[in-house]
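Examining the three-dimensional arrangement
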Protein chains: 2
Amino acid sequence: MQLILLSGGSGKRLWPLSNNARSKQFLPLLEKDDGTMESMVQRVVRQIREADLTRDITIATNASQLDIILNQLGESVSVVTEPERRDTFPAIALAASYLKLRKGCSDDEVVVIMPCDPFTESGYFDCIGKMAECVRNNVADLVLMGITPTYPSEKYGYVVPEQGEKPQGISMKVSKFTEKPSVDKAKELLQMNALWNGGVFAFRLGYIMNIVRRYIDSESFEQTRSRYSEFPKISFDYEVAEKAESVTVVPYTGQWKDLGTWNTLTDELHKPVIGNAVMGPHCVNTHVINELQHPIYVDGMEDTVVAASPDGIIICRKKYAEEIKQAVDSLTPRPMYEEKRWGTYRVIDESTYKDGNHSLTKSITIKAGCSTSYQLHRHRSEVWTFVQGEGKVVLGTEVTRVKAGDTMVAPVGVKHSVLADTDLTLIEVQCGHPLSEEDVERYEWSWNE
Amino acid sequence: MQLILLSGGSGKRLWPLSNNARSKQFLPLLEKDDGTMESMVQRVVRQIREADLTRDITIATNASQLDIILNQLGESVSVVTEPERRDTFPAIALAASYLKLRKGCSDDEVVVIMPCDPFTESGYFDCIGKMAECVRNNVADLVLMGITPTYPSEKYGYVVPEQGEKPQGISMKVSKFTEKPSVDKAKELLQMNALWNGGVFAFRLGYIMNIVRRYIDSESFEQTRSRYSEFPKISFDYEVAEKAESVTVVPYTGQWKDLGTWNTLTDELHKPVIGNAVMGPHCVNTHVINELQHPIYVDGMEDTVVAASPDGIIICRKKYAEEIKQAVDSLTPRPMYEEKRWGTYRVIDESTYKDGNHSLTKSITIKAGCSTSYQLHRHRSEVWTFVQGEGKVVLGTEVTRVKAGDTMVAPVGVKHSVLADTDLTLIEVQCGHPLSEEDVERYEWSWNE
């Protein structure tokens, strides 16, 4: 069985912890049994493995998330990146092409598609196991998960089983789909035993490849990826599920939550305070998450979330916190914290001076054995002061060993890369204009020569 | 007329904007008519000059406030620093000794003592003018200001005029003093036309020097200062006012506020937002002061103060904000922002690493024409990247010109100083252990040789 995890999202609702580089599924806010923290995507991968569903996990995502996925999950998963944002059908088509054309899976292989961000319990993964079983037993071409509704929601898509159909064994035939109905219509649907569409699908690889080949009939994954824009911008539900002739649904009853807003996310936090903060005695249902060094003191707050990161600080009644979406773009012009495949950086100062000069100062940590790309900048110089660890720097083609206490300068236009022998931290001061992440040209360099 | 401004205070109640180095009277939060901001001490000095009382202002303060006073007021005032914190009588005795022994004022000179932090209007300074007039006319040895009470407060000292005495001309004879009475006692005092003791005193210099000489009879200010610990730890009220045989009080009726808590201070702010912050539509009586670069988004708050500085962030219902006093010491181990006589610094990162190393990164701005002291550190090296302006660096005895884009290293144990030709900003990375403001040895250096 092959499992494809869909990872998308822009992360505006959980500002300032999430941003374009760190969507909600990457926030390390969930406490494990051993007291350490994990992100939603780390949690779902752990749950898949604990349920013993499969070790073959492929994450279908946008290129902007590749670094943070590698940082959080390492090499334990495959990652397929879409060259541009289209919709769920193209993303799944590309991942299926990867399984077929790159990984060489057979047409009979069972594939399960699931989102990476629902907050669920082990029964959810048992249900996925049953869905795969239905595909293996040829119960239907397409098997999907139906979440037992708890109220007549307008937010979800509904899966309506054939009338009179009751769960026989583990699945029901699907009669039709209804997307985001009115409350009245939703009430009717609940009368008809309709279920919420959980976005989890199981099928054989050959089934989806027949549909993929209608748009791109290619012999190589690279070619499919290069022709990605030929896929229609359409969701998997519309392109595949609603057109399928043989569809069944496996019901799931249990915890199933979207922790996509401060309101729902703080419900699942084990502690009211994460990070450097002190809560006074007059707080009620208040949560503080502080990723900054500055201590936070909170008192007299009710139903409030406080979250602070290098991107900014939100202080908000939870019921109003969704409105942050509208304000985000004006608040944060650039990400101030990013997880890269080689480690992390954090902007600690960004200033424009009266004489027109600009500076940007970062704390950068490179993981042992990793290196930054070999790059140059057209508009800025960089001064590095090493404050932790040991490693090597290449400037031009000259390699120098560095350790904590050392200083190096990368002038404008000079190619450079830093390799960490142990975990290596440096304070980088950038001078120039403009000081943007886009001012970078990357080249090939081999540290082994 | 000589005016002595008393400047004390530890600044815990207005954390995180105030700290041991920046008491409440130095916060630049009051808006002038021209829209620029000033601190309480800048305001009171401006008001004294606008009232044309005197140009001879001496600030009596602790050594820890010398730099910020010079930064905010420049050379326009004299500053007398007590070698240790004692009480108001020793502080005033030292300042009076400065006027007599250093400045050479005559015994007949009228001296007015006043606190530097009451928030008042011009009538207050007119009252001070009348007090000086009373001293000049020999109405009494000691003249003090009595604030017309607005309620029977337990917090203040009361000045009780002689019974049957009504304001004749501008002053009343004083019968007795009562310190912090119960509410019932305070109500009785109000019946007796008692006034609050405003801590403003006027007398002839010779009068106070006769008392000073009982403890230290010295011919030089330096000697008096070196024997400072011989003065008793006692307030001016107990040592002088309550023992005086001839005391009158001049009443003042008008604005007289202590902006020493978030509750009273925010009442006087003209704008709900100072700094980089966005307030959502659901806020009521809420104030945000942001001295950090990180943007702040606030919504759904009521009667709340949000204040953020490099020292930390407070988010608090105003009515609970005084309780911050108890928490401050554990929140802020060291000041993260200071105004020095030569400019300002701001700590932008302070980190301890897994390998045991430490680093502290500052943004430092030196004002044109100023220089840091010629100093060395026993436990740290400093790397400077200049990001604004032009100046000179001395390392050992070698002088180098520097400008934005340059880098210099001051190794452990090497004497150094930086001189700003124009406003000069540098990012300083400190490596070593411990990284404290106390690790400094200062030496003499002349930039003119």
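That block above? That's the structure.
This report concerns the structure included in the present document.

Reading the values: rules and limits
- Along each chain, the written sequence defines residue order, and numbers are assigned to residues from 1.
- Whichever chain is written first becomes A and whichever ligand is written first becomes 1, with later ones labelled in order.
- Only residues with pLDDT of at least 70 get local features here, since the model is predicted, and only at 80 or more are side-chain atom pairs given and counted; chain-wide, interface and lining totals rely on the full set of residues.
- In computing side-chain values, all of the structure's heavy atoms are included and hydrogens and water are not.
- Think of it this way: any DSSP run of H or I at least four residues long counts as a helix, any run of E at least two long counts as a strand, and we number them from the N terminus.
- It is over C-alpha atoms that the radius of gyration is taken, and the globule rule equals 2.2 Å times the number of residues to the power 0.38.
- Contacts: residue pairs with any heavy atoms within 4.5 Å of one another.
- With residues, only the protein chains shown are counted as cover, and all accessible areas are computed by Shrake-Rupley using a 1.4 Å probe.
- Asp and Glu count as negative and Lys and Arg as positive, but His and the ends of the chain are not part of the count.
- To locate a charge, take atom NZ for lysine, CZ for arginine, CG for aspartate or CD for glutamate.
- Here the copies are matched by least squares. The fit uses the C-alpha atoms of residues with pLDDT of at least 70 in both.
- As used here, buried area is the combined drop in accessible area, with a 1.4 Å probe, of two parts when they are placed together.
- Any carboxyl oxygen of Asp or Glu that lies within 4 Å of a side-chain nitrogen of Lys or Arg is treated as forming a salt bridge with it.
- Under this definition, polar contacts are N or O atom pairs within 3.5 Å; protein pairs additionally need one hydrogen-donor-capable and one acceptor-capable atom, and for neighbouring residues in sequence, both atoms have to be side-chain atoms.
- By the convention adopted, Pro, Cys, Tyr, Trp, Phe, Met, Ile, Leu, Val and Ala count as nonpolar, Lys, Arg, Asp and Glu as charged, and the other residues, Gly among them, as polar.
- Here, any two strands with at least 2 DSSP bridges between them count as paired.
- To obtain each axis, a line is fitted to C-alpha atoms, and for helices this fit is confined to the stretch in contact; angles are then taken between N-to-C directions over 0 to 180 degrees.
- For every residue, the accessible area obtained with a 1.4 Å probe (protein chains only) is divided by the maximum for its type, and the residue is called buried under 20%, exposed over 50%, and partly exposed between those limits.
- Residues grouped as a nonpolar core are buried Ala, Val, Leu, Ile, Met, Phe, Trp, Tyr and Cys residues, joined through side-chain atoms within 4.5 Å.
- Read the arc as the range of directions from the helix axis to the C-beta atoms.

A few words now on the overall build of chain A. A count of helices and strands for chain A gives ten helices and 30 strands. Relative to the compact-globule value of 22 Å for 449 residues, chain A shows a C-alpha radius of gyration of 24 Å, a close match. For chain A, the spread of C-alpha atoms along the principal axes amounts to about 75 × 65 × 40 Å. Within chain A, counting contacts between residues at least 6 apart in sequence, those at least 24 apart form 65% of the total. Surface exposure of chain A reaches about 18,500 Å², of which carbon and sulfur atoms provide 45%. A distance of 1 Å separates the average location of the 50 positive side-chain charges in chain A from that of its 63 negative side-chain charges.

Moving on to the relation of the copies chain A and chain B. For the pair chain A and chain B, the best superposition has an RMSD of 0.1 Å and corresponds to a rotation of 179° with a translation of 0.0 Å parallel to the axis. Here the transformation between the copies is reduced to the relation of a two-fold axis. Taking C-alpha positions as reference, the residue of chain A nearest the rotation axis is A:I348, located at 2.9 Å. When you check the interface residues of chain A against chain B, 100% turn up at the interface there too, and the contact is symmetric in its surfaces.

This part is about the interface of chain A and chain B. If you look at the interface, chain A gives 56 residues, while chain B gives 56 residues. Carbon and sulfur atoms supply 61% of the area buried between chain A and chain B, which totals about 4,600 Å² over both sides. Among the residues of chain A in contact with chain B, A:H294, A:Y297 and A:I315 are the three that bury the most area, contributing 16% of the side total. Where chain A meets chain B, there are four salt bridges. Here B:K354 makes a salt bridge to A:D423, at a shortest N to O gap of 2.9 Å. Applying the counting rule to chain A against chain B returns 32 residue pairs in polar contact (both at pLDDT 80 or more). With six residues, strand β19 (residues 312-317) of chain A is the largest single contributor of residues to the side of chain A that touches chain B. Broken down by class, the residue content of the side of chain A that touches chain B amounts to 29 nonpolar, 17 polar and ten charged. Of the strand pairs in this sheet, strand β17 (residues 296-299) of chain A and strand β19 (residues 312-317) of chain B are connected by four bridges, and their pairing is parallel.

Once that is clear, we can look at the sheet that holds β19(A). Strands sit in the order β14(A)-β16(A)-β18(A)-β19(A)-β17(B)-β15(B) across an open sheet of six strands; the sheet is mixed. Either end of the sheet is taken by a strand with one partner, and the two such strands are β14 (273-275) of chain A together with β15 (277-279) of chain B. Taken pair by pair, the neighbouring strands of this sheet meet at an average axis angle of 5°, ignoring direction.

In this section: the sheet that holds strand β14 (residues 273-275) of chain B. Strand order in the open sheet formed by six strands is β15(A)-β17(A)-β19(B)-β18(B)-β16(B)-β14(B), and the pairing between neighbours is mixed. Each having just a single partner strand, β15 (277-279) of chain A together with β14 of chain B make up the two edges of the open sheet. Neighbour to neighbour, the strand axes of the sheet diverge by 5° on average, direction disregarded.

What follows concerns the pattern of salt bridges. Scanning the model with the defined rule gives 58 salt bridges over all chains in all. Notably, a salt bridge pairs B:R346 with A:D349, separated by 3.0 Å at the nearest N-O pair. Of this pair, B:R346 sits in strand β21 (residues 343-352) while A:D349 is found in strand β21 (residues 343-352), placing the two residues in two different chains. Note that B:K257 is salt-bridged to B:E268, the shortest N-O span being 2.4 Å. Taken as a pair, B:K257 in strand β13 (residues 256-258) and B:E268 in the loop between α9 (262-267) and β14 lie far apart in primary sequence, eleven residues in all. Residue classification places B:K257 among the partly exposed residues on the basis of a relative accessible area of 33%. Look at B:E268 and you get buried, because its relative accessible area is 15%.

Below, the discussion takes up the nonpolar core. Core analysis: the largest hydrophobic core is formed by 44 residues, its most contacted members being B:L5, B:M114, B:Y124, B:I128 and B:M145. With eight residues, the top contributor of residues to this core is helix α4 (residues 122-136) of chain B. Setting aside its immediate chain neighbours within four residues, B:M145 contacts B:Y124, B:C127, B:I128, B:M131, B:W196, B:N197, B:G198, B:V200, B:V249, B:V250 and B:Y252. With 43 residues, the next largest nonpolar core counts A:L5, A:Y124, A:A132 and A:V160 among its residues.

Before going further, it helps to examine unusual backbone geometry. A negative phi angle characterises most non-glycine residues, just as the trans form characterises most peptide bonds. Residues and elements named next belong to chain A. Of the consecutive residues W15 and P16, the connecting peptide bond is found in the cis state with omega at 5°. In this chain, H433 is followed by P434 through a cis amide linkage whose omega measures -5°. Within the secondary structure, P434 sits in the loop between β29 (424-432) and β30 (441-443). The backbone phi angle of N193 is positive, close to 60°, even though this residue is not glycine. Structurally, N193 can be placed in the loop between α5 (183-191) and β11 (195-204). You can call N193 partly exposed: its relative accessible area is 35%.

Our focus in this paragraph is the side chain of A:Q388. Note on placement: A:Q388 falls in strand β24 (residues 380-388). Separated by 2.8 Å, the side chains of A:Q388 and A:T425 make a polar contact. Engagement of the side chain of A:Q388 in a polar contact is seen with the backbone nitrogen of B:D355, the distance being 3.5 Å. Excluding anything up to four places from it in sequence, A:Q388 contacts A:A404, A:D423, A:L424, A:T425, B:Y353, B:K354, B:D355 and B:N357.

Turning to helix α10 (residues 324-331) of chain B, a few remarks are in order. Restricting attention to buried positions, one finds in α10(B) the residues B:I324, B:A327, B:V328 and B:L331. One face of α10(B) carries all of its buried residues, which in axial projection span an arc of 125°. More than 90 degrees from the buried face of α10(B), the exposed residues found are B:Q326, B:D329 and B:S330. Structurally, α10(B) contributes buried residues whose contacts are with β15 and β17 of chain A together with β19 of chain B.

This part covers the pairing of β21(A). All names here are of chain A. Two strands pair when backbone bridges link them, and strand β20 (residues 337-340) and β21 are joined in this way by four bridges, in the antiparallel orientation. Counted as the bridge partner of K340 is G343 from β21. Remark: two residues form the turn of the hairpin made by β20 and β21, two consecutive strands paired antiparallel. The antiparallel hairpin formed by β21 and strand β22 (residues 358-366) contains five residues in its connecting segment, where G356 sits at a positive phi of about 90°.

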